[in-house]
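Results of the structural survey
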Amino acid sequence: MRFRHPDGTTVHLAYCTNVHPAETLDGVVAQLRDHCEPVRRRLGRDRLGIGLWLARDAAQALITDPGSLRALRAEIDRRGLEVVTLNGFPYEGFGAAEVKYRVYQPDWTRPERLAHTTDLARLLAALLPDDVTEGSVSTLPLAWRTPFDSRAADTALAALTTLAERLDALEELTGKSIRIGLEPEPGCRVETTADAIAPLTAVSSPRIGVCVDTCHLATSFEDPHTALGALEAAGIPVVKTQLSAALHAEHPHLPEVRSALAAFAEPRFLHQTRTRTAAGLRGTDDLPEAVSGRALPDGAAWRSHFHVPLHAPPEPPLTSTLPVLTTTLSLLVGGPHPRTRHLEVETYTWQALPADRRPRNRARLADGIAAELTLARDLLTDLGLKELP
């Protein structure tokens, strides 16, 4: 979906296909048919943006066979879809029964991460619509926090510097500008937007910036005004923004609140949980640790890294951090000029919701994704952006 900002800039809105994880190229083609096109039809759109997740095997198949890449682009066009952004955070196995810590491997200390991200940039340059010259790829924020010493930091920053040089060369070759955004996430080496400033200043390339995920921002209790202001002051670009909402519990000391939170504790993904104390942010790596004992102080609100559907917050006594999303979006695209042009709804946890809230079939899932995109569209038009055909 495309929108015209009052300054004349085009802002793109997509949804991320990691909600339909496919490891192979055949699986990617099937998800376009079975999921993405049905969402487009529900929205009554001739064209719908998707943020592709290409696992390692799918990306390798496309890189080694130019004919397959041309065929994928033709299929994207035929289904009324377009791609201006890729999710390069998960490397493989995102559809596994247990993902948890595996999603952070390989990290930016490993040559596989540099090679895969380079491949994704090359693929995106070939998949961009003819009238679009800029693409974005989100990636993990260096690594999980441990083990990660100064030597690991030097290795990761050297890899990002090499990547920036390759992106420069890619634009010279193709005329397409591809930018990479580190996606701060709780528990990682770069947990917050503030943590991103030092390493990105060291890399010092306009090709490498931040992907602001509003669920992660909220989970770490970052104030959007402060976070975005610091990035702007440091000259760090917001390459893309993932529109997502975290799980919020205002009174975690109450038994009924603990019980409601426990329903969201599930075995597939990590749900890092945070609270604010006088001494600073406290947290656990996963939701079960928080709800089952005294690992977290419960005198103030808790937030958990669980991407809840934008249009359907959990029932009381829980809620979502949608207000953080709306504030962040206003700061990013509600001003005289957009501070990012790529927006992506990223609710990948539909099938990890409590059983009574999960979509029972593909049709219900398509209905939910379309409802999320409708909410995002309405937020953008309320900010003065005009939806384009």
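To be clear, the structure that these remarks concern was listed above.
In this report, we go over the structure that sits alongside the text. Keep in mind it's a predicted model, so treat the numbers as computed, not measured.

About the cut-offs
- Numbers given to residues run from 1 along each chain, matching the order in which its sequence is written.
- Only residues with pLDDT of at least 70 get local features here, since the model is predicted, and only at 80 or more are side-chain atom pairs given and counted; chain-wide, interface and lining totals rely on the full set of residues.
- Side-chain figures throughout are based on the complete set of non-hydrogen atoms in the structure, without hydrogens or water.
- Starting at the N terminus, helices and strands are each numbered in turn, a helix being any DSSP run of H or I of at least four residues and a strand any DSSP run of E of at least two.
- All radius of gyration figures rest on C-alpha atoms, and the globule criterion is 2.2 Å times the number of residues raised to 0.38.
- For this analysis, residues touch if any pair of their heavy atoms sits within 4.5 Å.
- Each accessible area is a Shrake-Rupley result for a 1.4 Å probe, and residues are judged covered by the shown protein chains and nothing else.
- Charged residues are defined here as Lys and Arg on the positive side and Asp and Glu on the negative side; His and the ends of the chain fall outside this count.
- In this description, the location of a charge corresponds to atom NZ of lysine, CZ of arginine, CG of aspartate or CD of glutamate.
- Salt bridges are identified by distance alone: a Lys or Arg side-chain nitrogen within 4 Å of an Asp or Glu carboxyl oxygen.
- Burial status follows relative accessibility: with a 1.4 Å probe on protein chains alone, a residue under 20% of its type maximum counts as buried, one over 50% as exposed, and anything between as partly exposed.
- What counts as an axis is a line fitted to C-alpha atoms, over the stretch in contact for a helix, and the angles between N-to-C directions run from 0 to 180 degrees.
- Orientation is classified from the angle alone, with under 35 degrees giving roughly parallel, over 145 giving roughly antiparallel, 65 to 115 giving roughly perpendicular, and any other angle giving oblique.
- In this scheme the handedness of a crossing depends on how the near helix is turned from the far one: anticlockwise by less than a right angle means left-handed, clockwise means right-handed.
- Here the nonpolar group is Ala, Val, Leu, Ile, Met, Phe, Trp, Tyr, Cys and Pro; Asp, Glu, Lys and Arg are the charged ones; every other residue, Gly included, is treated as polar.
- Among buried residues, those of type Ala, Val, Leu, Ile, Met, Phe, Trp, Tyr and Cys that are joined through side-chain atoms within 4.5 Å constitute a nonpolar core.
- In this analysis, the expected span of each helix is defined as 1.5 Å times one less than the number of residues it contains.
- Distance and chemistry together define a polar contact, namely a pair of N or O atoms within 3.5 Å, with one atom able to donate a hydrogen and the other to accept it when in protein, and with adjacent residues in sequence counting only for side-chain atoms on both sides.
- Think of it this way: DSSP has to see at least two bridges between two strands before they count as a pair.
- Taken from the helix axis, the directions to the C-beta atoms give the arc we talk about.
- Whenever a pair of cysteine sulfur atoms sits within 2.5 Å, that pair is classed as a disulfide.

**Considering the overall build of the protein chain**
A tally of regular secondary structure across the protein chain gives twelve helices and 15 strands. Its C-alpha radius of gyration of 20 Å places the protein chain within 12% of the 21 Å reference for a compact globule of 389 residues. Projected onto its principal axes, the C-alpha coordinates of the protein chain cover approximately 55 × 50 × 45 Å. Taking as baseline every contact in the protein chain between residues at least 6 positions apart, the subset at least 24 positions apart corresponds to 80%. With the model as given, the accessible surface of the protein chain reaches about 15000 Å², and the carbon-plus-sulfur share is 51%. Of the side-chain charges in the protein chain, 42 are positive and 49 negative, and the distance between the mean point of each set is 3 Å.

**Re the pattern of salt bridges**
In this structure the tally under the stated criterion is 29 salt bridges. One salt bridge connects Asp285 with Arg145, and the closest N-O pair in it is separated by 3.0 Å. Residue Asp285 is found in the loop between strand E11 (280–284) and helix H10 (287–291), and its partner Arg145 is found in the loop between strand E5 (134–139) and helix H5 (150–174); the two are separated by 140 residues along the sequence. With a shortest N-O distance of 3.2 Å, Arg258 and Asp298 are connected by a salt bridge. A residue pair is termed long-range when its members are at least 10 positions apart, and Arg258 in helix H9 (residues 255–262) and Asp298 in the loop between H10 and strand E12 (302–308) qualify at 40 residues. What makes Arg258 buried here is its relative accessible area of 16%. Judged by its relative accessible area of 28%, Asp298 is partly exposed. A single network of salt bridges, built from pairs that share partners, joins Glu37, Arg40, Arg41, Glu75, Arg78 and Arg79.

**A closer look at the packing of H5 against helix H6 (residues 193–203)**
Relative orientation of the contacting elements H5 and H6 amounts to 50 degrees, with a least axis distance of 9 Å. When the axes of H5 and H6 are compared, the pair comes out oblique. H6 is crossed by H5, and the crossing has right-handed handedness. Here Leu157, Leu160 and Thr161 of H5 lie close against H6, whose contacting residues are Pro199, Ala202 and Val203. For the contact of H5 with H6, the residue count by class is five nonpolar, one polar and no charged.

**What to know about the nonpolar core**
Ranked by size, the top nonpolar core spans 114 residues in total, and within it Leu13, Tyr15, Leu52, Leu54 and Leu373 carry the most contacts. The element that contributes the greatest number of residues to this core is H5, accounting for ten residues. Ignoring any residue separated from it by four or fewer positions in sequence, one finds Leu373 in contact with Met1, Leu13, Ala14, Tyr15, Val39, Leu43, Leu48 and Val345.

**Some thoughts on unusual backbone geometry**
Looking along the chain, the bond that leaves Gln105 and enters Pro106 is cis, with omega of -15 degrees. You can see Pro106 is positioned in the loop between strand E4 (81–87) and helix H4 (111–127). Look at the link from Thr146 to Pro147: it is a cis peptide, with omega at -15 degrees. Relative to the helices and strands, Pro147 is located in the loop between E5 and H5. Non-glycine residue Ser204 carries a positive phi angle of around 55 degrees. You can see Ser204 is positioned in the loop between H6 and strand E7 (208–213). At Phe221, a position not held by glycine, the phi torsion is positive, near 55 degrees. Here Phe221 lies in the loop between helix H7 (214–219) and helix H8 (224–234).

**Concerning helix H12 (residues 362–382)**
Relative to the 30 Å expected for 21 residues at 1.5 Å per residue, H12 spans 30 Å between its end C-alpha atoms, a close match to the ideal helical length. Where H12 is concerned, the buried positions are Leu365, Ala366, Gly368, Ile369, Ala370, Glu372, Leu373, Leu375, Ala376 and Leu380. For H12, the N-terminal capping position is held by Asn361, with its side-chain oxygen 3.2 Å away from the main-chain nitrogen of Ala363. Where H12 terminates, the next one or two residues include Gly384, which has phi positive at roughly 100 degrees.

**What to know about the sheet that holds strand E9 (residues 245–249)**
Each strand in a sheet pairs with another by means of backbone hydrogen bonds, the pair being arranged parallel or else antiparallel. Read across the open sheet, the five strands follow the order E11-E10-E12-E9-E13; overall the sheet is antiparallel. Either end of the sheet is taken by a strand with one partner, and the two such strands are E11 and strand E13 (318–320). In this sheet, adjacent strand axes meet at a mean angle of 30 degrees when their direction is disregarded.

**Overview of H8**
Along H8, the positions that sit buried rather than exposed are Pro224, Ala227, Leu228 and Leu231. Angular distribution of buried residues about the axis of H8 spans 85 degrees; they occupy a single face of the element. Away from the buried face of H8 by more than 90 degrees, exposed residues Thr226 and Ala233 are located. Summarising the contacts, the buried residues of H8 are in contact with H6, E7, H7, strand E8 (238–243) and helix H11 (322–333). One or two positions beyond H8, positive phi appears at Gly235, with a value near 75 degrees.

**Regarding the state of the cysteines**
Counted by the stated rule, this structure contains zero disulfides. The thiol sulfur of Cys215 is not disulfide-bonded, and the nearest other cysteine sulfur, from Cys211, lies at 12 Å. Classification of Cys215 by relative accessible area gives buried; the value is 0%.

**Here's the deal with the side chain of Thr275**
Of note, Thr275 is situated in strand E10 (residues 273–277). In terms of polar contacts, Thr275 uses its side chain to reach the backbone carbonyl oxygen of Ala301, at 2.8 Å. The residues contacting Thr275, other than those within four sequence positions of it, are Phe221, Gly280, Leu281, Arg282, Leu296, Pro297, Ala300, Ala301 and Trp302.

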